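Now for the letters of each chain:
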Amino acid sequence: MISIIADRMFAGVSGYMLIAVPYFIFTAELMNQGGLTQKLITFNNALLGRIRGALSHVNVTVSIFFAGLTGAAITDTVALGKILIPAMKKQGYDAEYAAAITACSSIIGPIIPPSVVMVVYATILRDTSVIDLFAGGIIPGLLMALSLLVMSFVLSWMRGYPKQDPTPVRVAVIAFFSALPALIVPVIILGGILTGMTTVTEASGFAAVYALAIGFLFYRNLTWRKVWTALVTTVRFSGVVFFLLAASAVLSWFVTRSGIARDAAELITTVSDVGFIQLMMVCVLLILVGTVIDVLPALVVVGPVLVPAMINLGFDPLHFAILMIVTLNIANVTPPVGMTLMTAAQIARVPYERAIVASLPFYLSFITVIVLLALFPALSTWIPSLIR
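What you see is a predicted model, and the numbers here were worked out from it, not measured in a lab.

Trainee: Explain the packing of aromatic side chains here, please?
Mentor: Two aromatic rings are characterised by how far apart their centres lie and by the angle between their planes. The final tally for this structure, using the stated rule, is eight aromatic pairs. Consider the rings of tyrosine 93 and tyrosine 97, whose centres lie 6.4 Å apart with planes at 10°: the pair is stacked. For the pair tyrosine 93 and tyrosine 97, a shared accessibility class is recorded, and that class is buried. Taken together, a centroid distance of 4.6 Å and an interplanar angle of 35° make the contact between tyrosine 93 and tyrosine 161 tilted. Here tyrosine 93, found in the loop between helix 5 (73-90) and helix 6 (95-106), pairs with tyrosine 161, found in the loop between helix 9 (138-159) and helix 10 (169-194); they are 68 residues apart in sequence, far enough to count as distant. Here tyrosine 93 and tyrosine 161 have matching classes, each one buried. Chaining the aromatic ring pairs together yields one cluster made of Tyr93, Tyr97, Tyr161 and Phe362. A cation over a ring is seen here: arginine 52 above tryptophan 157, with NZ or CZ 4.8 Å from the ring centre.

Written out as structure tokens, the structure is:
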């Protein structure tokens, strides 16, 4: 038995595609250390500054751009929160609101590709390719961003949050060209992958090299000490991911041998035979799991059980994969474990409980997106169907 477990654990972390995980993390850390975050914020502020609640909207739109670089929510929260949360507090935003919008917008990162969570999913549950997952996450990620922008706009008007003077065209153009080298990174990653010119691993490696190049040669604020800090962070985060993958390989083997997935499918059908209700039941379960377990551990625990069960019930593997990833990512802001919300509350120096209350309107936005994704599978499957 021990030899079987060891063999399964090794097999779980030996896939060629998994090399992309540390490369994506390293690219994000290089961008953080190289000052990219401030460039993106300046550019987005130039576009949205005249709208009431400008910094709130900038928080969301920067997360959209940042999602194409990081693929990890906690990285987004720390990088953006350290700059935007103090700036929002200085302009008169409530501290708990600043923490809430920062944490909630950061979970766009693992949904809009590239995504570490999607790479992990494709590794432990081989029913869907990582390319299809990347393509399938584009529309849901943008929907989540749109729902946050709508809620941010409503709350900003209700609370009278400030707006800024219009940015001169010349300043906006300078901000755009300053951020342009960073904005090209998602194009490199997604363009190469979705057109078939590169594999996921090759694109991630090239993105890391490109991040090094622009950090040293274009922005010129990346030092070898900062590169070392990025490497240390990458090793720590990657170690956690690979350990979870090794454990998930054993769990997947056990689930397959025990027939738990079949039993789970039968249990779901006993409650209802309506597809939408079945999906909502699973989503509620995933949200409950997310209240006590972080995203990647939750995926490792419930994925091997639920995914085969839902496929047996006739659901499209890609549609359910995207729905599951989106729902589980809400765990990043779901108390008591919600790590991104907890991190943002610490940055804002506000009690965690107040940040939770301030996040409630944004939870409503996320639930709306989940319902839409469950009702309309094409939101997840349309773009992948175009590139096949």
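Trainee: Would you explain the pattern of salt bridges in this entry?
Mentor: Any two side chains of opposite charge can pair, on the condition that their charged atoms come close. Under the definition given, this model contains one salt bridge. Among the ionic pairs, glutamate 96 bridges to arginine 354, the shortest N-O distance being 2.7 Å. Linking glutamate 96 in helix 6 with arginine 354 in helix 18 (residues 352-375), this pair joins segments that are 258 residues apart in sequence. For arginine 354, a relative accessible area of 42% corresponds to the partly exposed category.

Trainee: Which parts of the structure should I look at to understand the environment of leucine 231?
Mentor: Within the fold, leucine 231 resides in helix 12 (residues 224-258). Of the residues examined, leucine 231 reaches a relative accessible area of 36% and is grouped as partly exposed. Considered as a pair, leucine 231 and leucine 30 are 201 residues apart in the sequence and their alpha carbons are 8.7 Å apart.

Trainee: Got a minute to help me understand helix 15 (residues 295-312) in this structure?
Mentor: Each α-helix winds once per 3.6 residues, and so residues spaced three or four apart point in a common direction. Across its 18 residues, helix 15 extends 24 Å between first and last C-alpha, which sits within 8% of the 26 Å expected from 1.5 Å per residue. The sharpest bend along helix 15 reaches about 50° and sits at glycine 303, with the proline proline 304 one to four residues further on. Just past helix 15, the residue glycine 314 takes up positive phi, approximately 100°.

Trainee: So what exactly am I meant to see when it comes to the side chain of asparagine 329 here?
Mentor: Within the secondary structure layout, asparagine 329 lies in helix 16 (residues 317-329). Asparagine 329 gets classed as buried once you look at its relative accessible area, which sits at 1%. Residues in contact with asparagine 329, not counting those within four places in the same chain, are Ile107, Pro110, Ile111 and Val295.

Trainee: Help me understand the environment of proline 113 in this model?
Mentor: Position of proline 113 among the secondary structure elements: in the loop between helix 6 and helix 7 (116-124). Of the residues examined, proline 113 reaches a relative accessible area of 1% and is grouped as buried. Taking the C-alpha atoms as reference points, proline 113 and leucine 190, 77 residues apart in sequence, are found 7.3 Å from one another.

Trainee: Explain unusual backbone geometry here, please?
Mentor: Generally, phi is negative for residues other than glycine and the peptide bonds are trans, each holding for most cases. If you check the backbone angles, arginine 220 has positive phi at about 60° while not being a glycine. Under the relative-accessibility criterion, arginine 220 is labelled exposed at 68%. Even without being a glycine, arginine 349 presents a positive backbone phi close to 55°. Take arginine 349: it is sitting in the loop between helix 17 (339-348) and helix 18.

Trainee: Looking at this structure, how should I read the packing of helix 6 against helix 9?
Mentor: Each pair of packed helices can be described by the angle between their axes along with the distance between the axes. Taken N-terminus to C-terminus, the directions of helix 6 and helix 9 make an angle of 170°; their axes are 12 Å apart at the nearest point. Accordingly, the angle class assigned to the pair helix 6 and helix 9 is roughly antiparallel. Here Tyr97, Cys104 and Ser105 of helix 6 come into contact with helix 9, specifically with Leu148, Ser152, Leu155, Ser156 and Arg159. Residue composition of the contact of helix 6 with helix 9, grouped by class: four nonpolar, three polar and one charged.

Trainee: Explain a nonpolar patch on the surface to me, please; I cannot follow it from the model alone.
Mentor: Among the surface-exposed residues, Leu146, Val150, Phe153, Val154, Trp157 and Met158 lie close enough to one another that they form a single nonpolar patch of about 620 Å² accessible area. Summarising the element assignment, methionine 158 is placed in helix 9.

Rules and cut-offs
Residues numbered from 1 in each chain as written. Predicted model: local features only at pLDDT ≥ 70, side-chain atom pairs only at ≥ 80, totals over all residues. Heavy atoms only, no water. Phe/Tyr/Trp six-rings, centres within 6.5 Å; stacked < 30°, edge-to-face > 60°. Buried < 20%, exposed > 50% of the residue type's maximum accessible area, 1.4 Å probe, protein only. Helix = DSSP H or I, 4+ residues; strand = E, 2+ residues; numbered from the N terminus. Lys NZ or Arg CZ within 6 Å of the ring centre and 35° of its normal. Salt bridge = Lys/Arg side-chain N within 4 Å of Asp/Glu carboxyl O. Expected span 1.5 Å × (residues − 1). Bend = angle between axes of the 7 residues up to and from the residue. Contact = heavy atoms within 4.5 Å. Axes fitted to C-alpha atoms, helices over the stretch in contact; angles between N-to-C directions. Parallel < 35°, antiparallel > 145°, perpendicular 65-115°, else oblique. Nonpolar A, V, L, I, M, F, W, Y, C, P; charged D, E, K, R; others polar. Patch = residues over 30% accessible without salt bridge, like charges linked within 9 Å, V, L, I, M, F, W, Y side chains within 5 Å. Areas by Shrake-Rupley, 256 points an atom, 1.4 Å probe, with all protein chains shown as cover.

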